[in-house]
Amino acid sequence: MFLSTSLYVALSIFGLGLLYKISTWFRYKIGIQSIEIPTSERFFSALKGILLTVFSPKILTLLKVFVLDALLQLRILKEDLLRWVMHICIYGGFMLLLLMHALDKYITVAIWNNYYSTVNPFMFLRDLFGVFVILGVAIAIYRRFILKVPRLITNAMDIYTIIIVAVIMFSGIFLEATKMVAYSDYQRMVNEYSGLSDPQELKALEAYWVKEFGTVSPNLKEPFDEKILAQGRDLHQSSCVECHAKPQWAFAGYGTARLISPVGLGVDRARLPSLLWYLHVLACWVGLAYFPFSKMFHMFTSQLSLLANSVMEKGKSSPANIATRQVMELDACTHCGTCSLRCSVAVAFDEIPNINILPSEKIASIKALASGKKLSPQALRNIQEGVYLCTNCYRCTLVCPVGINLQDLWFNVRETLLQKGYPEFFALSPLSFYRGLMREETVRKDYEKPLIRAREAIAAECDLMRKKDKVLPLTPTDRKFQGGLNLSAQAKTFSVCFGCQTCTTVCPVVGNYENPQEALGLLPHQIMHAAGLGLRDLAFGSNMLWDCLTCYQCQEQCPQGVCVTDVLYELKNLAIKQVREKTLQPMERK
Amino acid sequence: MMEFALFLGCTIPARLNQYESSSRAVLEKLNVGLVDIRDFNCCGYPLRNIDFKVFLLSSARNLALAEKKNLDVMALCKCCYGSLKKADYLMKENASLKKEVNATLEKEGLKYEGRIEVKHLLSVLHKEIGIETIKGKMATTFKGLKIATHYGCHALRPSQVVGFDNPVAPSLFDQLVEVTGAESIDWPMKLECCGAPLWGINDRLSMDLTLKKLTDGKKSGADYVCAACPYCHIQFDKVQKMILSQRNMNHPLPSVLYTQLLGLSLGIDKKILGLEMNEIPISGIEELFAKEPELTEQKELAEKKELKKETELTKQ
C-alpha cells in the first residue's frame, strides 16, 4: 500500500514535471528570432522536423551519434580520461541497475524467466554495478573537492545529484548487508520455504547459514561441529540453494555484513533492514519525482541535444526548431565546466569578478532569463557583460560533451539583452568585431543603437564636453586623475607632450574627416594636453578615444616619445572603469 | 629542426580555417615543427580597450605556458603578435607588474620569467628560415602577378616594442612576396591600417578607411592585396564584400593570405590552402603562374607524339 501510493505520487510528480519542462522548450524564448514564433508553431514544427529526420538518411547520423557520443560518450573521453571513467561508471552502473534491478519485474524477468535477485549472475552483477556507481561518485567528489579542477564550480544542483545518488547506492548496499546478518529475515525464510520442523535439523541449517551466509544468530556461535555443518549443507542443498547463491558473490553487501556482524543482533532488533528499505525506496522515489528539475534530467536531455545538434544546421533548419532546441539545450547542460576550462577569456574572471564570464555559469543565468523571471537591472547587466566578454572563438561549442551550440546561444542572448537598453561599455572594444561580421543577423535598424548608447552613457558623465563656453580653471589640476594613468609606465609619458600636433597630423582617423573636431571632439594632441591638465571630462568625452584604431602611427612618430596610443588605451580603461562603477556595481579587484 | 609553440588565437580557428591549414602546410614543407598548446587563451588584444590588467594577465598566461615548455611562440595573427610582444615587453621592463601578474598565475602553477621570444610567422620565414632556403623549395613561380603587400599595424608598431622591421621603410614582407616571383608594388597607403580594429565599433569609419586603402592599392595597379593576419584578411575579404554591396560598388581588390600565395608556389595542393574558402574569389591567381619550364614542355610534347603514334597504330 505504502509502496504503491508513494510510487504513484512520485510518478505523477515526475510525469507532470516532465510535461512542464518539455512545455518550456516550446514556450520560453531566447533570441530575437524566436520572439515572433508562437508556441503552437514551434510544437508542430518540432514534430514535423523529427518525423522528417527519422524517415530520412539522417537516421544513420542519429544512430552513429547515439552510439558514439550518447552511449560511449567519446566526447568526454576526448576531453579527459578520468572524467570519462567517472561518468561511464555512474552512467553505466546506474542505467544497468535501473534496468536490471529497479525494473526487474518488467525487464529482467521478461528476458530471464529464472530470475531471482539472490542468485547469480544477478546477485553479483547488482553489487558490481552498485560499486561502479560508488566509484564514479567518489571520483566526482575527488575531482570537485580534492583535485579542484580549474574553474569547476560546484553549485546546489551538483551537490544534490551527488547526495541523491550516494544515498540510493549506500542505502542499497547497507540494506543488503543488514538483511544478510538479520536473524529474523533468516527465520522468516525458513518458515516460509523450508518446511522443516525437527529442531535438530533447524539447528543444523542455522549453523550452516551462520558459518556460510553471515547470518548472526542469537542462539548459535562458531565454531560448529563438522557433522552438524554437513547436515546443514544437505538441508541447504535441498531447500535453499535454488534461490540463494553464496553471499560472497554480493561482495559489497557481504563485505559490509562482515563488518557489521559484531552488532548484527542489534541491527536486527532495531529492524534496520526495513528502515533501510524505506530509505532506499524513498530515496529512489525522491530522485524520480525531482528528476525533471534536477541535474539528472540531463540523462534524457543531453542525448536529445547531441542528436538534435548532429542533424540541425543554422540557416537550414527552421528558425522555430532552432528556438526550441536552444531552450532545450539549457536543460541539457550538465554543469560539467568543460566550456569554462577551455574558454578563451575565462582568465578574465581572475580580474573581473562577474561569474557570468564563465560559460558554464552563464547558462544558469540564461535559464532564469529565458523563464521570464523578473531580474534586477544589475543582474541583467551582469549577464549582458558576461555574454559580451567573449571572443566568439567557438571553443566552448566544440568541446561541449553534450553538443550544445553555445556560440549561437551567446549571440542570441547578447542581441536580446542589448535591446533592453542598458549601456554595454565592452561593446566599444574589438570584441565587437564578430558582431560587425554578423550584422545581417542582428535587428538591422537597431544594430548601431548599443554602440551609440555606450558612447552617450560615457559622454553623460563628462559635463565639460557639454559646456563649451565654460572657462576652465587651470588650477588645481586633477592630480588623482593624472595619477590614475599609471597602469603601465608608457602612459605616464603624456606629460612631456609639447603640442607639436604630429600625432594628430598622422592619424588616419583624423585624416578621414573634413571637420575632424566636429566628428571626434578632442584630437590626439588635445587629449594629451587635457591629460596633462588633468581635465578628465575632456579626455573621456571625446569620440576620438573610441574611434582610435590603435594603429600606433601617432606613437611611432612622436618626436617627444609620448606613447600616445598607450595613453589613449589607458584613458579608455579609466573611462570604462569609472562609468561602469557609477552605473553598475563596483568593479572590485579580488 | 626548429620548433615553435603555434599561437592561433581565437579568430583563425573560428573564422579563418584556411589560414591555419595553409600555414601548417607551408611550415611543414619548410621543416618547421609546430607544437600546439591547448591551454593557450585569448592574447588579450580585444581586452586592452576594457581593462589593462585583464589584457596583461591573458597575454602573459600564454607566455608562461610556452615558457613552461621551453618554446618560442609563433603567432599567425598580427594583433596577437602585437599583444604578446607588448606583454613580453612589460613583463621584462616592469618588475612590479611582473610580480603582480605572476602572483595571479601562481595559482595555476604558472609564472613568466621572460626566457622565450615571441615571433610572427613572417619573421620566422624571413629570419629563421631565410629567403634563400625558401627559394630552394619553390615548385613554380608567378609571373606578372602584382601584389599590394599589407604589413599590418600591430606587427610594425610600436617598433620599440615589436622590433619586427624598419617601421618607416619596411622590406621584410616585400621580400617574402617577391620570392614567389610576384611583384610587390609600391603603393602610398602600404603602411596604413586595414580598418579592422573599428569594425563593429564604428562601421562607417572602418569602411571609409578600408575602402580608401583598397582603392589606393587598386589604383597603384595591384591584382591582389596580401596580408598575414586574420583581422586584416577578414577586413579585406568578408568585410570588403559587405562594403561593396552596401555602397553599390563593383570591382573588388581580392585578398590572398600570404601562406596561400607562398603555398601555391611551393606546390601545395590548393584544397589544403583553402583557396575556395575566401569570400572574394582568388582562383584567378593560378593563371599567373610562370610558364612551365621547358623540360616539362618537352616531356609533354613527347607524350603527345607517342599518343599520336598509338592512335595511328590502332587505326591501322
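Just so it is clear, the model here is predicted, and its values are computed rather than measured.

Chemist: Requested: an account of the overall build of chain B, with residues and values cited.
Modeler: A count of helices and strands for chain B gives 15 helices and eight strands. Projected onto the principal axes, the alpha-carbon positions of chain B cover approximately 90 × 50 × 35 Å. For chain B, the residues scored as buried account for 53% of the 316 residues in total. If you take every contact in chain B between residues at least 6 apart in sequence, the share linking residues at least 24 apart comes to 79%.

Chemist: Residues and numbers for the sheet that holds strand β5 (residues 146–149) of chain B, please.
Modeler: All names here are of chain B. What the four strands build is an open sheet, ordered β6-β5-β7-β8; its pairing is parallel. In this open sheet, the two strands that pair with only one neighbour each are β6 (183–184) and β8 (255–257). Of the pairings in the sheet, the one linking strand β7 (residues 224–227) to β8 comprises three bridges and is parallel in character. Along β8, the bridge assignment pairs C226 with V256.

Chemist: A description of the domain arrangement of chain A should follow, citing residues and the corresponding values.
Modeler: As far as domains go, chain A holds domain 1 (1–65 + 294–325), domain 2 (179–276), domain 3 (340–442) and domain 4 (460–583). The C-alpha centroid of domain 2 of chain A is placed 51 Å from the C-alpha centroid of domain 1 of chain A.

Chemist: Tell me about the sheet that holds strand β4 (residues 118–120) of chain B, and name the residues and values.
Modeler: Residue and element names in this part refer to chain B. Read from one edge to the other, the open sheet built from four strands follows the order β2-β1-β3-β4, with strand pairing classed as parallel. Because the sheet does not close on itself, it has two edges, and the strands there are β2 (32–36) and β4. Each adjacent strand pair in this sheet contributes to an overall mean axis angle of 40°, direction not counted. Helix-sheet contacts for helix α6 (residues 121–129) involve β1 (2–7), β2, β3 (72–75) and β4, and the interaxial angle to β4 is about 90°.

Chemist: Please provide a residue-by-residue account of helix α3 (residues 58–71) of chain A, values included.
Modeler: All names here are of chain A. Taking 1.5 Å as the rise per residue, α3 with 14 residues should run 20 Å; its terminal C-alpha atoms sit 18 Å apart, in good agreement. Roughly 30° is the biggest bend found in α3, and it falls at V65. Taken as a whole, α3 has its buried residues at V65, D69 and A70. Turning to α3, the residues buried within the fold contact α4 (74–79) and α15 (298–311).

Chemist: Summarise the packing of helix α2 (residues 17–29) of chain B against helix α13 (residues 258–265) of chain B; cite the residues concerned and give the values.
Modeler: All names here are of chain B. Their axes nearest at 9 Å, the elements α2 and α13 cross at an angle of 40°. It follows from the interaxial angle that α2 and α13 lie oblique. Where α2 crosses over α13, the two elements pack in a sense that is left-handed. Two secondary-structure elements touch here, α2 through Q18, Y19, S22, S23, A25 and V26 and α13 through T259, Q260, L262 and G263. Across the contact of α2 with α13, the residue classes break down as four nonpolar, six polar and no charged.

Chemist: Outline the pairing of β5 of chain B, supporting the account with residue identities and numerical values.
Modeler: Residues and elements named next belong to chain B. The pairing of β5 with β6 spans two bridges and is parallel. Its bridge partner lying in β6, K146 is registered against E183. Both β5 and β7 contribute to a ladder of three bridges, which runs parallel. Counterpart to A148 in the pairing with β7 is V225.

Chemist: Let's hear about unusual backbone geometry: which residues, and what values?
Modeler: Residue P223 of chain A is reached from E222 of chain A by a cis peptide bond, and omega for that bond is 0°. Among the secondary structure elements, P223 of chain A is positioned in the loop between α10 (199–213) and α11 (226–239). For the peptide bond that leads from R157 of chain B to P158 of chain B, omega is -10°, which places it in the cis range. Mapped onto the fold, P158 of chain B is located in the loop between α8 (153–156) and α9 (159–162). Phi is positive for H335 of chain A, close to 55°, though the residue is something other than glycine.

Chemist: Please set out the environment of Y112 of chain B residue by residue, giving values where relevant.
Modeler: All names here are of chain B. Position of Y112 relative to the elements: it lies in the loop between α5 (95–106) and β4. Judged by the 24 C-beta atoms lying within 10 Å of it, Y112 is buried. Along the sequence, Y112 and S255 sit 143 residues apart, while their C-alpha atoms lie 37 Å from each other.

Chemist: Now, about the nonpolar core: what can you tell me, with residues and values included?
Modeler: Of all hydrophobic cores here, the largest spans 200 residues; its most connected members are A348 of chain A together with F7, A60, V73, A75, L84 and C226 of chain B. Among the elements that line this core, the one with the most residues is helix α3 (residues 52–68) of chain B, at ten residues. The contact partners of V73 of chain B, leaving out residues within four places of it in the chain, are F4, A5, F7, L63, A66, L84, I116, V118 and K119 of chain B. Residues I134, M169, Y183 and L272 of chain A belong to the second largest nonpolar core, which totals 44 residues.

Chemist: So, the packing of α3 of chain B against α5 of chain B: which residues are in play, and what are the values?
Modeler: Residues and elements named next belong to chain B. Packing of α3 against α5 brings their axes to within 10 Å, and their N-to-C directions diverge by 75°. By the angle between their axes, α3 is roughly perpendicular relative to α5. On α5, the residues touching L56, L57, A60, R61 and A64 of α3 are L97, V101, T104 and L105. Looking at side-chain class alone, the contact of α3 with α5 contains seven nonpolar, one polar and one charged residues.

Chemist: Outline the domain arrangement of chain B, listing residues and values.
Modeler: All names here are of chain B. When the domains of chain B are assigned, the result is domain 1 (2–121) and domain 2 (140–288). Taken together, the 23 residues of domain 1 in the interface contact 24 residues of domain 2. Of all elements in the fold, only α1 (11–15), α2 and α4 (78–93) reach the threshold of two or more residues within the side of domain 1 that touches domain 2. Ranked by residue count, the leading element in the side of domain 1 that touches domain 2 is α2, at nine residues. Here the residues of the side of domain 1 that touches domain 2 sort into ten nonpolar, eight polar and five charged.

Conventions used here
- Residues numbered from 1 in each chain as written.
- Chains lettered and ligands numbered in written order.
- Predicted model: local features only at pLDDT ≥ 70, side-chain atom pairs only at ≥ 80, totals over all residues.
- Helix = DSSP H or I, 4+ residues; strand = E, 2+ residues; numbered from the N terminus.
- Buried ≥ 20, exposed ≤ 12 C-beta atoms within 10 Å, placed from the backbone.
- Contact = placed C-beta atoms within 7 Å.
- Pairing = 2+ DSSP bridges.
- Domains from an automatic or database assignment.
- Axes fitted to C-alpha atoms, helices over the stretch in contact; angles between N-to-C directions.
- Expected span 1.5 Å × (residues − 1).
- Bend = angle between axes of the 7 residues up to and from the residue.
- Parallel < 35°, antiparallel > 145°, perpendicular 65-115°, else oblique.
- Left-handed = near helix turned anticlockwise from the far one by under 90°.
- Nonpolar A, V, L, I, M, F, W, Y, C, P; charged D, E, K, R; others polar.
- Core = buried A, V, L, I, M, F, W, Y, C linked by C-beta atoms within 7 Å.

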